[in-house]
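# Observations on chain architecture
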Amino acid sequence: MPHKPFKAVIPAAGLGTRFLPATKAMPKEMLPVVDKPAIQYVVEEATQAGIGDILIIIGRNKNALSNHFDSVPELETNLERKGDHAKLAKVQQSSDLADIHFVRQGEPKGLGHAVLRARSHVGDHPFAVLLGDDLIDERDPLLTTMLAEHDRTGAAIIALMEVDPDHIHLYGAAAVEATESVDVVKVTGLVEKPSAEDAPSNYAVIGRYVLSPAVFDVLERTEPGKGGEIQLTDALQELAADPEGPGVYGVVFRGRRYDTGDRVDYIKAIVQLAADRDDLGPELRPWLKDFAATL
Ligand code: G1P
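So, here is what we can say about the structure in this document. (Residues numbered from 1 in each chain as written. Predicted model: local features only at pLDDT ≥ 70, side-chain atom pairs only at ≥ 80, totals over all residues. Heavy atoms only, no water.)

## A look at the layout of surface pockets
This is how it is decided: A pocket here means an open set of points on a 1 Å grid, computed over the protein atoms alone, that has protein on both sides within 12 Å along at least five of seven lines. A cavity is instead a set of points where a 1.4 Å probe fits but cannot get out; residues with an atom within 4 Å of a point line either one. Grid points are joined across faces, edges and corners, and a volume is the space filled by probe spheres set on the points. For helices the rule is a DSSP run of H or I covering at least 4 residues; for strands it is a run of E covering at least 2, with both sets numbered from the N terminus onward. Side-chain classes are defined by residue name, with Ala, Val, Leu, Ile, Met, Phe, Trp, Tyr, Cys and Pro counting as nonpolar, Asp, Glu, Lys and Arg as charged, and the others, Gly among them, as polar.
Computed from the structure, the largest pocket encloses a volume of approximately 1400 Å³. Along the wall of the largest pocket there are 48 residues; nearest its centre are Arg18, Lys28, Leu131, Asp133 and Lys193. Listed by contribution, the elements that provide at least two residues to the lining of the largest pocket are strand 1 (7–12), helix 5 (111–116), strand 11 (203–211), strand 13 (257–259) and helix 10 (263–276). Here the residues of the lining of the largest pocket sort into 17 nonpolar, 15 polar and 16 charged. When its volume is computed, the second largest pocket comes out at roughly 510 Å³. Secondary structure elements with two or more residues in the lining of the second largest pocket: helix 1 (38–48), strand 7 (134–136), helix 7 (143–153) and helix 10.

## Details of helix 10
Convention followed: What a helix should span is 1.5 Å times the count of its residues minus one. To sort residues, take the accessible area from a 1.4 Å probe on protein chains only and compare it with the maximum for the residue type: under 20% means buried, over 50% means exposed, and anything in between is partly exposed. Throughout, a contact is declared for two residues whenever any of their heavy atoms are within 4.5 Å. Counting of polar contacts relies on pairs of N or O atoms within 3.5 Å, with two restrictions inside protein: one atom must be capable of donating a hydrogen and the other of accepting it, and residues adjacent in sequence are counted only when both atoms are side-chain atoms.
The end-to-end C-alpha distance of helix 10 is 20 Å, a good match for the 20 Å that 14 residues give at a rise of 1.5 Å each. Listed in full, the buried residues belonging to helix 10 are Tyr266, Ala269, Leu273, Ala274 and Ala275. Contacts made by the buried residues of helix 10 are with strand 2 (32–33), helix 1, strand 13 and helix 11 (281–293). One side-chain oxygen of the residue at the start of helix 10 lies 3.1 Å from the amide nitrogen of Val264, identifying that residue as Asp262.

## Here's the deal with helix 4 (residues 85–96)
For clarity, the cut-off: The directions from the helix axis to the C-beta atoms are what the arc is built from.
Taking 1.5 Å per residue as the helical rise, helix 4 with its 12 residues ought to reach 16 Å, and the 15 Å between its terminal C-alpha atoms agrees with that figure. Residues of helix 4 that are buried: Leu88, Val91, Ser94 and Ser95. Angularly, the buried residues of helix 4 cover 135° about the axis, an arc narrow enough to put them on a single face. For helix 4, the exposed residues lying more than 90 degrees away from the buried face are His85, Ala86, Lys90 and Asp96. Next to the buried residues of helix 4 lie helix 1, helix 2 (62–68) and helix 3 (73–82).

## Quick notes on the pairing of strand 10 (residues 184–192)
Here is the rule: Here a strand pair is declared whenever DSSP counts at least two bridges between the two strands.
Summarising the sheet, strand 9 (residues 172–178) and strand 10 pair through 7 bridges and their orientation is antiparallel. Bridge assignment links Ala174 to a residue of strand 10, and that residue is Leu190. The turn joining strand 9 and strand 10, which pair antiparallel and follow one another in sequence, is formed by 5 residues. The pairing of strand 10 with strand 12 (residues 248–252) spans 4 bridges and is classified as antiparallel. When the bridges of strand 12 are listed, Lys186 appears paired with Tyr249.

## Here's the deal with the site of the ligand
Counted only if it meets this: We define proximity as follows: a residue is near a molecule or strand when any one of its heavy atoms falls within 4 Å of that partner. Only the protein chains shown count as cover for residues, with accessible areas throughout obtained via the Shrake-Rupley method and a probe of 1.4 Å. Any molecule with more than half of its atoms within 2 Å of a cavity's or pocket's grid points is counted as sitting in it.
Close contacts around the ligand come from Leu111, Leu131, Asp134, Tyr171, Gly172, Glu192, Lys193, Val205, Gly207, Tyr209, Gln231 and Thr233, and that covers them all. Between the ligand and Gly172, the relevant distance is 2.9 Å, taken from an oxygen atom to a main-chain nitrogen or oxygen of the residue. Here the ligand, which alone exposes 380 Å², has 79% of that area covered by the protein. Applying the majority rule of atoms within 2 Å of the grid points places the ligand in the largest pocket. Looking at the shell around the ligand, the element that brings in the most residues is strand 11, giving 3 residues. Residues that form the shell around the ligand fall into these classes: 5 nonpolar, 4 polar and 3 charged.

What follows is the structure, encoded as structure tokens:
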């Protein structure tokens, strides 16, 4: 069956206060993870899953983000003159990736509010939401599986990962039931950032969603929840609880995920990704071993 024309929405309007002062004049999505801004990994993930239309929800400091996906003629001419084709390809890669659009969130009123800002661009299409704090290793496809699952069921599809129960308070948590597939669960309830005692399970929502436009009507009436913000998790809980609708399913991810949401995890992500790369790994790995021995 041919794919419906999925679009992707990438919320990037957070204040990034955990990374101050680096994020004082620059969005956190532009922080480099090795040598690429975090947002480029996420855009590449969407394009690798066949999505060519991407809407980035921006807040303040939007210029760096939009500039990154534009061409830079003077830099390109300069590299061309020098015959530095490898660097030229790196510069051009981010401007050739996809058809990228921007919309402003205005006030940071939460993830649900940011997603609602995508309504007029997304229109009547199913769409994917990708959060920039979660990077999914390109060797472990997740989004493609989620898009196929949405095609098959028409349901809202979320990505779930089992986490240490001590960490569930950092995530949306899902109550789940098994299905015939080991990689897919039916989501019967969702709670945003519950305490370990109140969590329905240790299945954490990681930042990938495939949704139908029906979610916008729900978001319109979703009241502020956890942290006084309009939560996407609360809208999905309503969809999960609706006996008339197609419901919510979770694709259980067991692959490599890098969290860039806080400083220690961000540093770990950079070290893991760099150590794995063919150009940097051979020099970095033995140094890391020696360094670890001094700790
Ligand atoms: C958001 C969602 C949360 C989800 C998390 C995944 O929270 O609200 O349900 O588990 O992303 O990264 P945030 O981390 O943006 O506060």
